[in-house]
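Observations on chain architecture
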Amino acid sequence: MGQDTDAPQAPPTASSTAPARALLPFILPAAAVGVVASLVFVGVSAAAEKLQQVLWGPLPDALGVGRYSVPWMFAVLIATGLAVGLVVWKVPGHAGPDPATLGLNAPVMAPAVLPGLVLATGLMLAGGPSLGPENPIIAVNVGLAAWLGARLLPRTPGALWPVLAEAATIGALFGTPVAAALVISEALAGRPMRGRLWDNVFAPLTAGTCGAMTTTLVAHPTFDLGLPPMGHPDAKDLLAALVIASAAAVLGMCAVYAFPYVHTAFRRLRHPMLMLPAGGAVLGALGALGGHLTLFKGLSEVGELARRPEGWSAGQFAAMAVVKLAALLVAASCGFRGGRIFPAVFIGAALGLCAHALVPAVHPAVGVATGALGMLLAVTRQAWVSLFTAAVLAASPGLLALLCVASLPAWLLVTGRAQMQLRADGSPVR
């Protein structure tokens, strides 16, 4: 997963010869982990969505205030900070470690920590902070898989369960096992590995496949934004892809370098009942500045932008991108439990649509996909996931080659530099 500090260990499933009989015993455990991980993700997401609909629908209507009025945004976001702060303060396990220190790879947490983490995540998703569900849901599934696996199948290597849970959750999040396979393959790159690569990813891919299929059957997810299809790419498309991806990567790195300073500022408040409400107040101000589309994780909101790419001016798109990036920075710094992939997609898409509004010759699909690619590379440092996510946003086969080319200069801008993740002492991970 990019750097060694954020990568799962190689699954202990392959031998030097990796015969089929050595892999067969892992199919059922991997399938079970995949199904359970998906159900946890779908359940938390569905519960948060129901609460979100109440908080931003019937409740303000009953009170006679606008659903997305400035006072209501302030009230809900501050209340969300108070609610999550109370969970972090009082619930056993304090909803896990500081989320600024965690990436997609999660430590195995004690079972007592998981309920608080689930509650904090659900409240965050419903209340509007600009974070997605991926990091805490992966952490919950890793802890749950390790705990249940050790009790139900004690002879299975303990190091296997976190890898299966991560792959299963990534497959569930994206609705396809391809993302899980890419992440695990990237994590194994450069590590000592016995047997063939496919033997080593066999069990995680099984978990990812079952997680993806369960989500597909239960929730029918899609990342396709319905953008106008593009034909055969030409020179102007290539130039646009290179410029937009690089610009998005540079903008993302501005937030990455600001991350430790913003995190330190919130940590000076010292208590979750101060840090999180303060973060909620700042997020309320940003929501008032950028509008309601800059709230929440961003996946539904980016779909609204993509459905009407001509509905906003270049200045409005640019403002939404900057506000959303600031909101991501604040939410990730003040203690809200959440991930950064989905907000980064919104930011990159808004930046790409800004380019389309400035230069109509830039195809919307090229702008959205390459903007998301550059932003994801900067924020997540997950190259394969960034390429995959950008590619599925627009169902245009001609985009894939452009994305691969555009990723090269964008990667040169971000590789070896600080990441949007901190060590326990507050220093950035590189």
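Nothing here was measured: the structure is a model prediction, and the numbers come from that model.

Brief notes about helix 4 (residues 70–90)
- Compared with the 30 Å implied by 1.5 Å per residue over 21 residues, the 30 Å span of helix 4 between its first and last C-alpha is a close match.
- Restricting attention to buried positions, one finds in helix 4 the residues Trp72, Met73, Val76, Leu77, Thr80, Gly81, Val84, Gly85, Val87 and Val88.
- Each element contacted by the buried residues of helix 4 is listed here: helix 2 (27–55), helix 3 (58–63), helix 5 (114–127) and helix 11 (272–290).

As for unusual backbone geometry
- A positive phi angle is found at Ala95, which is not glycine, with a value near 60°.
- A residue is classified by how much of its surface remains accessible, and Ala95, at 1% relative accessible area, is buried.
- Of note, Arg270 is a non-glycine position whose phi angle comes to about 70°, a positive value.
- Structurally, Arg270 can be placed in the loop between helix 10 (235–267) and helix 11.

Quick word on the confidence of the model for the protein
- Considering every residue of the protein, the mean pLDDT works out to 88; 93% of them sit at 70 or more.
- Here residues 1–8 is a poorly scored stretch, pLDDT under 50, and it has 32 contacts once near neighbours within four places are set aside; other chains count.

Quick word on the side chain of Ser246
- Structurally, Ser246 is set in helix 10.
- Reaching out from Ser246, the side chain makes a polar contact with the backbone oxygen of Leu242 at a distance of 2.9 Å.

Looking at the packing of aromatic side chains
- Applying the stated criterion across every chain, the model contains four aromatic pairs.
- Ring geometry for Trp56 and Phe296: centres 5.5 Å apart, planes at 80°, overall edge-to-face. In this pair, Trp56 sits in the loop between helix 2 and helix 3 while Phe296 sits in the loop between helix 11 and helix 12 (299–307), placing the two residues 240 residues apart along the sequence. Each member of the pair, Trp56 as well as Phe296, is classed as buried.
- Taken together, the ring pairs in this structure connect Trp56, Tyr68 and Phe296 into an aromatic cluster.
- Between the NZ or CZ atom of Lys90 and the centre of the ring of Trp89, over which it lies, the distance is 4.2 Å.
- In this structure, Lys297 packs its charged tip against the face of Phe342, placed 5.5 Å from the ring centre.

Conventions we followed
Residues numbered from 1 in each chain as written. Predicted model: local features only at pLDDT ≥ 70, side-chain atom pairs only at ≥ 80, totals over all residues. Heavy atoms only, no water. Helix = DSSP H or I, 4+ residues; strand = E, 2+ residues; numbered from the N terminus. Expected span 1.5 Å × (residues − 1). Buried < 20%, exposed > 50% of the residue type's maximum accessible area, 1.4 Å probe, protein only. Contact = heavy atoms within 4.5 Å. pLDDT = per-residue confidence, 0-100. Polar contact = N/O pair within 3.5 Å; in protein donor to acceptor, adjacent residues only side chain to side chain. Phe/Tyr/Trp six-rings, centres within 6.5 Å; stacked < 30°, edge-to-face > 60°. Lys NZ or Arg CZ within 6 Å of the ring centre and 35° of its normal.

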